[in-house]
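Report on the structure
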Amino acid sequence: MTKLMQYLTLGKLNLLKGTSNQYQSTKSTTSNGYIDCANYRNQYWLAYGATIKNTSSKPVKLKYVLADPAKAPLTQPLYYIPIQGYSNDTVNPGEEADISVIFQMDGNTWFVLVSVVNADGSALSTDVQVKNERAYQSHDAGIWTPNPTDKVGGDS
């Protein structure tokens, strides 16, 4: 609870809506799909983190792809290679870990697609479990907090 209070006190805002501290199954992308970064462009850093329970038979990691206003992948000048990257950490089959990716956005970045992929970069063929998704304008993926617009527990 102390870390949660520190994050709220420091003004950390989870930019993702509809996240949960309960596991959800996925085959490819995180529950939010594209992260809207329109207000965080021009040299801002964004950190995405999630807890992954790997129920597949291969190691998995996170992948991100920067995208333009039409959600088309941004490419490196002259080479037309998508601007993308991967988490340094992997989650082995049968294991659970909190992993993150941190990336810098330029003025052309309007969206970021973060997904869970096999460690070799190929698409998943079976589900993995994801919880505690969060994106912060920061160099630190921190801990999960709900977005202020999310209803958490209690009455519906």
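Since this is a predicted model, take the numbers as computed values, not measurements.

Counting residues in each nonpolar core, the largest one holds 26 residues, and the members touching the most others are Ile 35, Tyr 48, Ile 52, Leu 62, Phe 103, Val 112 and Val 116. Those elements that provide at least two residues to this core are strand E3 (44-53), strand E4 (60-67), strand E6 (96-105), strand E7 (111-118) and strand E8 (128-136).

Space inside the largest pocket adds up to approximately 170 Å³. Around the largest pocket sit ten residues that line it, and Leu 15, Leu 16, Lys 17, Ile 35 and Asp 36 are the ones nearest its centre. Looking at the lining of the largest pocket residue by residue, the class counts come to six nonpolar, two polar and two charged.

Looking at the secondary structure, you find Asn 118 in strand E7. Classification of Asn 118 as buried rests on a relative accessible area of 4%. Once residues within four sequence positions are removed from consideration, Asn 118 is found in contact with Lys 58, Pro 59, Val 60, Lys 61, Ala 123 and Leu 124.

A few words on the confidence of the model for the protein chain. Here the protein chain shows a mean pLDDT of 83. Residues at 70 or above account for 85%. Throughout residues 5-9 the model reports pLDDT below 50, and contacts reaching past four residues in sequence, or to other chains, amount to eight contacts.

Reading the values: rules and limits
Residues numbered from 1 in each chain as written. Predicted model: local features only at pLDDT ≥ 70, side-chain atom pairs only at ≥ 80, totals over all residues. Heavy atoms only, no water. Core = buried A, V, L, I, M, F, W, Y, C linked by side-chain atoms within 4.5 Å. Buried < 20%, exposed > 50% of the residue type's maximum accessible area, 1.4 Å probe, protein only. Helix = DSSP H or I, 4+ residues; strand = E, 2+ residues; numbered from the N terminus. 1 Å grid on protein atoms, 1.4 Å probe; cavity = no way out; pocket = protein on both sides within 12 Å on 5 of 7 lines; lining within 4 Å. Points joined across faces, edges and corners; volume = space filled by probe spheres on them. Nonpolar A, V, L, I, M, F, W, Y, C, P; charged D, E, K, R; others polar. Contact = heavy atoms within 4.5 Å. pLDDT = per-residue confidence, 0-100.

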